[in-house]
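One-letter residues, chain by chain:
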Amino acid sequence: MNSDVKAAAMGIEADLIEKERALLSFDARSSPEILRSLLSPEFLEIGASGDFFGLDSVLDSLPFESSWSAVSQDFEYRRLSSDLIQLFYRVVISRQSGLMKSYSRRTSIWRKEGMENDLQPRHSYFSF
């Protein structure tokens, strides 16, 4: 892999990690507009319960959640095709002022959409 291709891949990876972290931020989660800008219309999440959640249900519930914070770490990156990239990472979620913590491994699939170079996510979260 030549240095230009490596640099481009590292730029894409950094951008996706930034977007993934944004999705865990209070600002993004409380704003349907920001969520719509980051999530594909075909967005699908698998919650810790095993239930599926589409974009509409996420937009109906996330803006009203406020008693938690999350820290993501240990990102890994895998290109599935020229238009699909998968991220793997760990998350620590704190609830009730840090008194309750949960740990999970998560993955997201980001798909290049439209004519621009923006990648839009389709997520599947798996909690362990």
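Just above sits the structure.
Let us look at the structure shown here. (Residues numbered from 1 in each chain as written. Predicted model: local features only at pLDDT ≥ 70, side-chain atom pairs only at ≥ 80, totals over all residues. Heavy atoms only, no water.)

### With respect to the pattern of salt bridges
Cut-off, in case you're wondering: Salt bridge, as applied in this entry: a Lys or Arg side-chain nitrogen positioned within 4 Å of an Asp or Glu carboxyl oxygen. Secondary structure elements follow DSSP: runs of H or I of four or more residues count as helices, runs of E of two or more count as strands, with numbering from the N terminus.
Per the stated rule, a full pass over the model turns up three salt bridges. The residue Lys19 makes a salt bridge to Asp15 at a minimum N-O spacing of 3.7 Å. You can see Lys19 and its partner Asp15 sitting in helix 1 (residues 3–23), four residues apart, about one turn around the helix. The salt bridge involving Arg111 is made with Glu42; its shortest N-O contact spans 2.7 Å. With a gap of 69 residues between them, Arg111 in strand 5 (residues 100–112) and Glu42 in the loop between helix 3 (32–38) and strand 1 (44–46) connect regions that are remote in the sequence.

### Considerations on the side chain of Ser108
Note the cut-off: Whenever two N or O atoms come within 3.5 Å, that pair is a polar contact, provided that in protein one can donate a hydrogen and the other can accept it, and provided that, for residues adjacent in sequence, both atoms are side-chain atoms.
The residue Ser108 is located in strand 5 in this model. Of note is the side chain of Ser108, whose polar atom sits 2.5 Å from the side chain of Glu20. At a separation of 3.0 Å, a polar atom in the side chain of Ser108 contacts the side chain of Trp110.

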